Amino acid sequence: MMSSKWTPQRLNALKGVTRISALTAYDYSIARLVDQAGMQVVLVGDSLAMTMLGYDDTLPVTMEEMLHHTRAVSRGVKEAMVVADMPFMSYQVSDDTAVENAFRFMKDAGADAVKIEGGAHRCDLVVRLAENGIPVMGHLGLLPQNVKAMGGYKVQARNEDDADALLADAIALQDAGVFALVLEGIPSEIGARVTEALSIPTIGIGAGPGCDGQILVIHDLLGMFPDLAPKFVKQYAQLGVQISDALTTYRKEVEGGQFPSDEQSY
Ligand code: KIV
């Protein structure tokens, strides 16, 4: 049977033709909806540290937690490419551990690819992963796993030297074998410049409209995570408010004896 799964090759063929839509998902039910809406890429982002687990940043999330959520997402997705975000400390200590952890995402959790943060210093690892049949998505610009070193979530590549360095990193990663590159938190003109210079697709988040695709954290898009509201987010729904209203109505109806009514009783 022909698979309709999105692959690195199919994504690459979209560059310059159609924009790529990507979104995070962390559980089975939402992953199904994201897949059915036609997204080409579903990222099990380490942002789940904050959105699902309540941590202040992405650093504490573990391999076991990421595997658990990736398994659930893989069960919900039929067509999109499932990309598992390699968490902090799962790929930085040694390339051997990194390859082993990436294998776990593919073998135990059904991921189609992994994502790692960082520039040219990750190239040896990208080559090893690619040689072992593991598609790798890169991630440049604002790197959430570097939040402590960066002193907060700050727009990157604002001056000419930093922009040139980012472009050099992007080309190095492409040459090492990443099949796509997330560009986060950089000025729009730099997003466009990097996109034009590469033959692989760029997927932007706060990197302007010139990227080959866009990705958002699903809680931001649905208006469910008011703790952080970056400028680049567009809320397509206000589910936080709707959920809150529904829950309050339910509580009041239980207290007032309106629920369950005869209709909901056997
Ligand atoms: O973890 C995540 O959700 C991400 C996206 C913001 C790209 O890395």
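Everything that follows concerns the structure shown earlier in this document.
Parameters at a glance
Just so you know, the residues in each chain are numbered from 1, in the order the chain's sequence is written. Restriction of local features to residues with pLDDT of at least 70 applies here, the model being predicted, together with a cutoff of 80 or more for giving and counting side-chain atom pairs; totals for whole chains, interfaces and linings are based on all residues. Derived side-chain values reflect all non-hydrogen atoms in the structure, with water molecules and hydrogen atoms excluded from consideration. Each helix is a run of DSSP H or I of at least 4 residues and each strand a run of E of at least 2, with the numbering of both proceeding from the N terminus. For each residue, the accessible area found with a 1.4 Å probe, counting protein chains only, is set against the maximum for its type, and the residue is called buried under 20%, exposed over 50%, and partly exposed in between. Salt bridges, as used here, are contacts in which a Lys or Arg side-chain nitrogen is within 4 Å of a carboxyl oxygen on Asp or Glu. Note on pairing: two strands pair once DSSP finds at least 2 bridges between them. Only the stretch in contact is used when fitting a helix axis, every axis being a line fitted to C-alpha atoms; angles between N-to-C directions are given from 0 to 180 degrees. For this analysis, a nonpolar core means a set of buried residues of the types Ala, Val, Leu, Ile, Met, Phe, Trp, Tyr and Cys, connected via side-chain atoms within 4.5 Å. Any pair of residues with heavy atoms lying within 4.5 Å of one another is described as a contacting pair.

Looking now at unusual backbone geometry. Pro260 follows Phe259 through a cis peptide bond whose omega is -5°. Here Pro260 lies in the segment after α11 (239-256). For Met89, which is not glycine, the phi dihedral falls at a positive 80°. Checked against the element boundaries, Met89 lands in the loop between β3 (81-85) and α5 (95-107). Positioned with a positive phi, Ala157 is a non-glycine residue whose angle comes to about 55°. By the element assignment, Ala157 lies in the loop between α7 (147-150) and α8 (160-176). Look at Ala157 and you get buried, because its relative accessible area is 8%.

Moving on, we come to the pattern of salt bridges. Summed over the entire model, instances satisfying the criterion amount to nine salt bridges. For Arg193, the salt bridge goes to Glu160, with nearest N and O atoms at 3.9 Å. Within this pair, whereas Arg193 is found in helix α9 (residues 188-197), its partner Glu160 is found in helix α8, the two being separated by 33 residues in sequence. According to the relative accessible area criterion, Arg193 is partly exposed, its value standing at 31%. By relative accessible area, Glu160 is classed as exposed at 54%. Where Arg193 meets Asp164, a salt bridge forms, and the shortest distance between an N and an O atom there is 2.6 Å.

Below, the discussion takes up the sheet that holds β3. Backbone-to-backbone hydrogen bonds pair the strands of a sheet. The strands run either parallel or antiparallel. On the basis of which strands lie adjacent, the closed barrel formed by eight strands has the order β1-β2-β3-β4-β5-β6-β7-β8 and parallel pairing. Taken pair by pair, the neighbouring strands of this sheet meet at an average axis angle of 25°, ignoring direction. Judged from the three bridges that link them, β3 and strand β4 (residues 113-115) form a sheet pairing that is parallel. Considered in β4, the bridge of Asp85 is made with Lys115.

Let's shift gears to the nonpolar core. Grouped together as the largest cluster of nonpolar side chains are 60 residues, with contacts concentrated most on Val73, Phe105, Leu129, Leu166, Leu181, Leu183 and Val194. In terms of residue count, the dominant contributor to this core is α8 (six residues). Look past the residues within four positions of Leu181 in its chain and what remains in contact with it is Gly138, His139, Leu140, Ala170, Leu173, Leu198, Ile200, Pro201, Thr202 and Ile203.

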